[in-house]
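# Results of the structural survey
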Amino acid sequence: MRITELFTAHSIALDAALSTRDEILDKLVALQATHGNITDTAAYKKALLAREDEASTYVDNGITVPHARTSCVTRPSLAALRLAEPVQYNPEDDGKTDLLFAIAAPENGSLHMDMLARLMQMLMNEEFVQTLRDAKTPADFLQVIDEREDAQFGEESFTQQEIPQTGYRILAVTACPNGIAHTYMAAEALTKTGEKLGLATKVETNGSDGAKNILTAEEIAACDGIIIAADKNVQTARFDGKPVLFARVDDGIHKPEELIKKVAHGEVAVFHADADAKAAQTSGAGDTVGHSLYKHLMNGVSHMLPFVVGGGIMIALAFLLDDYTIDPANFGMNTPVAAFFKTVGGAAFGYMLPILAGFIAMSIADRPGLAVGFAGGVLAMNGTNFAGLAAGQTTGVSGGFLAALLAGFAAGYIVQFLKKITDKLPASLNGIRPMLIYPLGGILIVGAVMCGINPAMGIINNAVADWLNALGGSSRVLLGAIVAGMMSVDMGGPVNKAAYVFGTAALASGNYEVMAAVMVGGMVPPIAIALSTTFCPQKWTPDERRNGIVNYVMGLCFVSEGAIPYAAADPLRVLPSCIVGSAVSGALSMLFGCALRAPHGGIFVFPVVDHPLLYVAALAVGSVAGAVILSLLKKDAQQ
């Protein structure tokens, strides 16, 4: 344990205009309270005064170190205060005080004496003290302390005592668009790093099966700060008034120590909910406008997927169970069993576009956006337009996936606009804004927008579908290689998701071969790595070999993220190998005419793939090709 671990920038105040001991102690108590480790601030101040009554804590050279050991302190902490003008802290002090360090320590043990001893040794250096007086910001002040402690003591702990720990110092929330792999990998990385740094860390996961390990109000109140490592919006109003660091879910996997240290050192701004929530998120670490749009899109896609997967598989089963010879024109509905599967599956599958639009809008504008986005999505799905309505027709040429995307974003920002222009209405009208103004005004505007642009979106959608259907021979094989290879570029990142969204868009337009190529491309990376760890064990460390077995399962289940740790450790060898393997599988899938009516499922949906045995062959050839290339590129591991 180092002295700097007991400070944060929030517990440091510079150039405060205070003139009495009572005012100074009030300020120091408030600074200590920012740690969330004092259950009774009045009792802590009383303990500080009791120590002053025993003897003054003035040291020398304008430095005073008030300290107390009391049961109202749950874990040790430090606060620092620099005064604008020197003050006679105690009447009997030999000099005036302008630099104060307050120590808070739990009642049991003599931990405060160890803290005091380390601090005093550092403060004996006059150059160090002068640098503290010259520091411009609390962050600079903390850095000066950190550098001095490092130079004087290195990594040596100031105490051999066990540091009390009550509650969690760092809280986090992780969430990725699909809520499968990245969510839990980031949670594990943050938890393990918190343990390594001696900062108890709890992580709430917002996965595909809902929120788990949910943060409690008591834990939020007592923590130092919260990390939101998410690529979709999560509930943040509960963190109002606490330091919150917004980051990408990938940062939770690859930069957990950097994120935790930023929070622990008080380098994170305090978050304020409601109107400021969106601003705080968009100004978070790495959260650009493009990334914001990506989060909104993936929020819609992740909510749409259960409809597409469940409905798509049931529709595929209908074709599998039907008899084509009864009535080729009615294939999928010829037998009662097939009709059941196709009707029920179609009920879910048919609403994927309104769900996509609704949840994109909800991601942008919260709950008021859902109804407006859903209505826009239905209009996009039906292709409703002004010319058709004038002729008595409520449907037209569907704009498909692209029109639903546009409807979702339009609806979200329309509701945001309505929120802004009605913000100045009397408070007495607040109740009717979400119940009347937003849905009525939003649906009216988005309806006009979609009816106006649906004809153009229908033309674009048909052009894309015609282009895909017109591809033949080498063009189709090349397309399969490209989209499958993209699935391995960043294992769940933006390039991977771009290929995946393209596949689902093609699926919605009835082009099932593209989705087959996309899925087989995403299955290759973990399997290729698993094959290499099995048949070329000398290339891998013991841990990598053990985890390689898990990658067989992840790859077969279409969870590409199993390859991330390997790609992160050796990207120049792993990524090219996986990309080539995926491209080979995608090209073969297209060449064999494999088609898939569901956008997920891995081996569990192989029975409903057109030409399933050839699809297995495409997966096997690409995986072996990736494994061979990887094994040739890799050097023997240091065992």
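All of these numbers come straight from a predicted model, not from anything done at the bench.

Here the structure, examined in full by the defined rule, presents 19 salt bridges. With a closest N to O distance of 2.8 Å, D224 and R75 form a salt bridge. You can see D224 sitting in the loop between α7 (217-222) and β10 (225-230) and its partner R75 sitting in the loop between β4 (67-69) and β5 (77-87), a full 149 residues away along the chain. Per residue, the accessibility class of D224 equals that of R75, and both read buried. What you see here is one network of salt bridges that share partners, running through D22, D26 and K45.

This paragraph deals with the state of the cysteines. Where two cysteines share a covalent bond between their sulfur atoms, that bond is called a disulfide. Enumeration according to the criterion identifies zero disulfides in this entry. Between C557, a free cysteine, and C176, which holds the nearest cysteine sulfur, the sulfur-to-sulfur gap is 16 Å. Sulfur of C578: no disulfide; nearest cysteine sulfur belongs to C536 and is 14 Å away. Judged by relative accessible area, which is 1%, C578 ranks as buried.

The five strands are arranged β9-β8-β7-β10-β11 in an open sheet whose pairing can be described as mixed. This sheet does not close on itself; its edge strands, each paired only once, are β9 (210-212) and β11 (244-247). Direction aside, the axes of adjacent strands within the sheet are offset by 15° on average. Looking at chain direction, strand β7 (residues 170-175) and strand β8 (residues 201-207) are connected through five bridges and run parallel. What sits directly across from T174, in β8, is T205. In the packing of helix α9 (residues 256-264) onto the sheet, contacts are made with β7, β8, β10 and β11, and the angle to β10 comes to roughly 150°.

Contact geometry for helix α20 (residues 512-535) and helix α23 (residues 571-591): axes closest at 8 Å, N-to-C directions at 145°. Handedness of the α20/α23 crossing: right-handed. The residues of α23 that touch α20, namely those facing E513, V514, A516, A517, V520, G521, V524, P525 and I529, are V574, C578, G581, S582, S585, G586, S589 and M590. Grouping the constituent residues of the contact of α20 with α23 by class yields ten nonpolar, six polar and one charged.

Take the packing of α20 against helix α21 (residues 542-556) next. Direction vectors running N to C along α20 and α21 enclose 145°, while the axes themselves pass 7 Å from each other. Both α20 and α21 take part in a crossing whose hand is left-handed. Touching M523, P526, I527, I529, A530, L531, T533, T534 and F535 of α20 are E544, R545, G548, N551, Y552, G555 and L556, all from α21. Looking at side-chain class alone, the contact of α20 with α21 contains nine nonpolar, five polar and two charged residues.

This paragraph deals with a nonpolar patch on the surface. Among the surface-exposed residues, L425, L429, I432, M435, L436 and L440 lie close enough to one another that they form a single nonpolar patch of about 550 Å² accessible area. Given a relative accessible area of 56%, L440 falls into the exposed group.

A few words now on the confidence of the model for the protein. This prediction gives the protein a mean pLDDT of 86; 94% of its residues lie at or above 70. Within the protein, helix α24 (residues 612-633) carries the highest mean pLDDT (96), whereas helix α10 (residues 277-282) carries the lowest (41).

Our focus in this paragraph is the nonpolar core. Of all hydrophobic cores here, the largest spans 56 residues; its most connected members are L356, F401, M519, L596 and Y615. A total of twelve residues in this core trace back to one element, the largest contributor, which is α20. Apart from the residues lying within four places of it in its own chain, the contact partners of M519 are F558, L596, H600, G601, G602, V605, F606 and Y615. In terms of nonpolar packing, the next biggest core, distinct from the first, is built from 26 residues, I3, I12, L116 and F128 among them.

Criteria and thresholds
- Residues numbered from 1 in each chain as written.
- Predicted model: local features only at pLDDT ≥ 70, side-chain atom pairs only at ≥ 80, totals over all residues.
- Heavy atoms only, no water.
- Salt bridge = Lys/Arg side-chain N within 4 Å of Asp/Glu carboxyl O.
- Helix = DSSP H or I, 4+ residues; strand = E, 2+ residues; numbered from the N terminus.
- Buried < 20%, exposed > 50% of the residue type's maximum accessible area, 1.4 Å probe, protein only.
- Disulfide = S-S within 2.5 Å.
- Pairing = 2+ DSSP bridges.
- Axes fitted to C-alpha atoms, helices over the stretch in contact; angles between N-to-C directions.
- Contact = heavy atoms within 4.5 Å.
- Left-handed = near helix turned anticlockwise from the far one by under 90°.
- Nonpolar A, V, L, I, M, F, W, Y, C, P; charged D, E, K, R; others polar.
- Patch = residues over 30% accessible without salt bridge, like charges linked within 9 Å, V, L, I, M, F, W, Y side chains within 5 Å.
- Areas by Shrake-Rupley, 256 points an atom, 1.4 Å probe, with all protein chains shown as cover.
- pLDDT = per-residue confidence, 0-100.
- Core = buried A, V, L, I, M, F, W, Y, C linked by side-chain atoms within 4.5 Å.

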